[in-house]
There are 2 protein chains.
Amino acid sequence: MIIDKNSPIPQYFQLQTWLLEQIEQGVFKPGDRIPTEAEFSKITGLARATIHQAIQNLVNMGLLVRKRRLGTFVLEKVAAPSNHKIVGLLIPDIRRGYAPVLARGVQDEAAKNNHSVILCDTDDLFVRADFHADRMIENSVSGVIFVPTAVSNMQNKKILDKFKQNDIPIVLVDRTLTYENIDQVTADNIKGAYEMTEYLIKRGHRRIAITLSTLISTERDRLEGYKKALDVYDIPFDEKLIFAHSGPFSEGRYIKIAERIYKSDLDITAVFTGHDRIALVFFAVAKKIGISIPDDISIIGYDDLDFTMISLTTMHQPIYEMGQESMKLIMSRIKGDLSEPQRIILESYLVERVSVKQI
Amino acid sequence: MIIDKNSPIPQYFQLQTWLLEQIEQGVFKPGDRIPTEAEFSKITGLARATIHQAIQNLVNMGLLVRKRRLGTFVLEKVAAPSNHKIVGLLIPDIRRGYAPVLARGVQDEAAKNNHSVILCDTDDLFVRADFHADRMIENSVSGVIFVPTAVSNMQNKKILDKFKQNDIPIVLVDRTLTYENIDQVTADNIKGAYEMTEYLIKRGHRRIAITLSTLISTERDRLEGYKKALDVYDIPFDEKLIFAHSGPFSEGRYIKIAERIYKSDLDITAVFTGHDRIALVFFAVAKKIGISIPDDISIIGYDDLDFTMISLTTMHQPIYEMGQESMKLIMSRIKGDLSEPQRIILESYLVERVSVKQI
DNA sequence: CTTCACTAATTGTCTATACAAATGTACAAT
DNA sequence: ATTGTACATTTGTATAGACAATTAGTGAAG
């Protein structure tokens with residue numbers, strides 16, 4: 001029997017629990033009519049008022065609906081989990097580089113899925129990422145799109161774990177984390193850098209400087225593509241041409257690097273800058289100290305930001321599309337896609353302008 | 001008497017409603033013990049079970065707690081309203097102009113108050129603003145910061161009304177709406193434009209073109225400041241020097257306007273562009289057709305965006321601060337400040353670079 | 001001083017019963 | 001084909017009364 005009259009557990013509660021189980025186990029499916037109170041009364045031997053109370057509780061919980069004359073019915077699962085449709089976006093700084101474009105791609109795709117986007121800047125600092133992560137969890141976001149901060153892998157992992165503990169899907173965008181089996185959307189930086197370097201080589205450049213931050217996966221990848229191209233074209237690799245540091249982007253640092261490169265005696269004919277904002281610094285410094293691009297030195301960038309006033313040969317990154325794709329991925333996870341973590345790699349293409357000289 | 005036995009309204013519901021009123025009006029204060037079920041039964045003449053049902057409903061609603069042997073008590077107001085701390089930001093396009101800086105100012109101030117920001121782009125279209133407004137309301141934001149769209153006042157008012165109907169505080173930023181008694185944060189565009197125009201006049205310019213979109217309040221204000229300066233310095237106002245249109249910013253349109261101005265025979269010596277992005281177009285067009293700034297024509301902008309490669313004399317707008325101030329205002333409204341709508345006007349200052357020639 | 005059993009007050013659960021209200025169905029009237 | 005009406009079924013509300021469970025307070029026992 002369903003009801004144990006000797007149990008200290010209230011009988012209405014026993015019935016309620018039993019009914020809940022039946023519904024959860026699918027014995028009573030959404031849309032089904034459950035037995036009438038009178039029938040239950042007969043089955044269980046309880047008074048109708050007791051049955052009524054049990055059922056009423058489930059109605060209050062939103063699992064059943066009563067319809068006069070018709071009976072009581074199991075409700076469709078309303079997909080109650082998190083009725084506010086919000087996805088978090090963690091980026092370094094909305095004012096810098098490609099961030100606005102990425103944010104826009106994310107948002108447009110979110111809007112298509114009737115979701116809103118909470119935007120948070122990390123400034124490439126762990127504490128900020130951590131702070132914002134807490135608030136996102138507090139606000140029960142349905143998913144998170146995360147541009148890993150330029151800090152240690154371990155610290156980034158801490159952030160990821162926070163979300164994982166709360167069963168919030170995450171997608172990494174642009175930058176990746178080593179040894180992390182997680183959804184990712186990136187551009188093919190190795191291939192892109194290879195093509196860029198090849199482009200320079202084919203125009204006669206052999207002494208190509210490259211700048212990067214070793215904390216940022218994309219820039220490490222670009223160094224790899226750069227080396228690969230040198231290797232393929234039998235150009236000796238020179239450690240002195242690598243201008244690397246381990247920190248986030250800072251204008252001051254690159255002004256110094258640009259000055260060093262312009263004044264060096266390393267026979268550098270071209271600079272593969274880490275990204276367009278660095279290239280812009282190189283243009284500004286060149287202008288200041290009277291060096292002409294591309295006549296005196298060739299500069300290439302990476303990103304294809306919308307500069308208007310300088311004509312930079314660069315690699316167009318599908319930033320907007322990366323935003324879109326990452327949101328698509330999050331949406332499929334939110335909807336319950338449980339397949340293996342995906343790694344989506346988007347194609348970049350070279351945009352030839354006039355910052356490179358044929359030697 | 002409390003209960004009307006002849007009413008079609010269920011008696012338990014009558015009692016429940018009455019109790020709710022008593023609590024809301026403070027007759028039963030938080031912490032108070034309300035009469036026992038038996039007492040209520042005596043007072044109302046209803047069966048104890050009926051009393052029980054009425055009280056149970058209020059317990060379920062979280063207004064009362066029952067304690068065996070002790071009685072039923074009114075709960076402390078848990079101040080449940082909106083436990084997720086989210087503020088909406090409605091801007092035209094996060095990728096354009098000052099939007100990223102504004103967004104950052106808003107966010108930093110929000111973070112200080114442990115709030116998150118939902119970012120939504122309107123593209124200066126009513127339908128988008130409306131769409132995002134609905135979703136913000138759905139997500140029960142605690143407040144909204146709104147850059148009015150470049151559409152009719154009536155349409156913007158519709159958006160405002162939506163939020164007002166849901167008791168969501170709103171602050172208008174940068175652009176204003178005529179005849180709206182509402183919290184606003186703006187820069188003093190009339191004064192700014194006056195100073196800019198005065199600056200040009202003092203450098204010998206008398207034929208000063210000005211560009212604007214009449215849909216945008218800030219640009220209308222700047223026209224006013226411009227006229228005022230001409231008036232003060234006794235320079236005749238020439239309708240032909242006003243290049244106005246009624247639409248949002250479009251690069252194509254301003255390329256045409258720039259070409260028209262550069263090729264005109266109106267003796268224009270300086271152009272007061274509507275904002276820095278327009279100024280940038282003027283620089284690009286000048287470069288393309290071989291005109292030198294400031295030698296052939298002087299250009300001034302408005303905003304002080306971070307351009308690096310062009311040296312534009314412009315009016316620095318406190319965009320970041322406007323973001324901060326608007327969030328401060330929203331926070332005070334969220335916290336229950338019911339004073340009169342405020343209009344916060346921030347100061348701009350002229351940034352002299354080298355895009356203006358002394359005549 | 002601590003522990004324990006008892007008391008009284010109050011809510012919690014339950015029975016049995018009754019009438020009210022809503023509404024799909026069927027059938028009649030128009 | 002539409003409208004009206006009566007009917008049957010089912011949930012909604014209500015009553016009276018009973019016993020169970022909980023627990024602060026009291027006073028007795030250790």
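Residues numbered from 1 in each chain as written. Chains lettered and ligands numbered in written order. Predicted model: local features only at pLDDT ≥ 70, side-chain atom pairs only at ≥ 80, totals over all residues. Heavy atoms only, no water.

### Quick notes on the protein's contact with DNA strand D
Selection rule: Here, proximity means that at least one heavy atom of the residue falls within 4 Å of the molecule or strand. Polar contact is the term for a pair of N or O atoms within 3.5 Å; when the atoms are in protein, one must be able to donate a hydrogen and the other to accept it, and sequence-neighboring residues count only if both atoms are side-chain atoms. Strands here mean DSSP runs of E at least two residues long; helices mean DSSP runs of H or I at least four residues long; both are numbered from the N terminus. Each residue gets one label: Ala, Val, Leu, Ile, Met, Phe, Trp, Tyr, Cys and Pro are nonpolar, Asp, Glu, Lys and Arg are charged, and the others, such as Gly, are polar.
Every one of the 24 residues lining DNA strand D counts as a neighbour, but Arg66 and Arg68 of chain A together with Gln11, Tyr12 and Thr50 of chain B are closest to it. Backbone atoms, meaning sugar and phosphate, make up 72% of the atoms of DNA strand D lying within 4 Å of the protein. Threonine 72 of chain A has a polar side-chain atom sitting 3.3 Å from a phosphate oxygen of DNA strand D. Between DNA strand D and tyrosine 12 of chain B there is a distance of 3.0 Å, counted from a phosphate oxygen to a backbone nitrogen or oxygen. Mapped onto the surface near DNA strand D, the elements with two or more residues apiece are helix H3 (48–60), strand S2 (64–67) and strand S3 (71–74) of chain A together with helix H1 (11–24) and helix H3 (48–60) of chain B. For the surface near DNA strand D, the element with the highest residue contribution is H3 of chain B, accounting for 3 residues. Taken together, the residues of the surface near DNA strand D sort by class into 7 nonpolar, 6 polar and 11 charged.

### Comments concerning the domain arrangement of chain A
Residues and elements named next belong to chain A. Definition in use: The start and end points of each domain follow an automatic or database-based domain assignment. Residue contacts are defined here by distance: any two heavy atoms, one from each residue, within 4.5 Å place the two residues in contact. Throughout, buried area stands for the accessible area (probe radius 1.4 Å) lost by two parts on being put together, summed over both. Take a side-chain nitrogen of Lys or Arg and a carboxyl oxygen of Asp or Glu: if they are within 4 Å of each other, that pair is a salt bridge.
If you check the domain split of chain A, you get domain 1 (11–74), domain 2 (86–186 + 319–347) and domain 3 (189–317). Placing the centre of domain 2 and that of domain 3 at their C-alpha centroids yields a distance of 28 Å. Contact residues are listed per partner, giving 11 residues for domain 2 and 10 residues for domain 3. Summing the contributions of domain 2 and of domain 3, the shared interface buries around 1100 Å²; its carbon and sulfur component is 53%. Run the count over domain 2 and domain 3 and you get 1 salt bridge. Ionic pairing is found between lysine 191 and glutamate 347, a salt bridge with its closest N-O pair at 2.5 Å. The tally of links between domain 2 and domain 3 comes to 3 residue pairs in polar contact (both at pLDDT 80 or more). Residue composition of the side of domain 2 that touches domain 3, grouped by class: 4 nonpolar, 2 polar and 5 charged.

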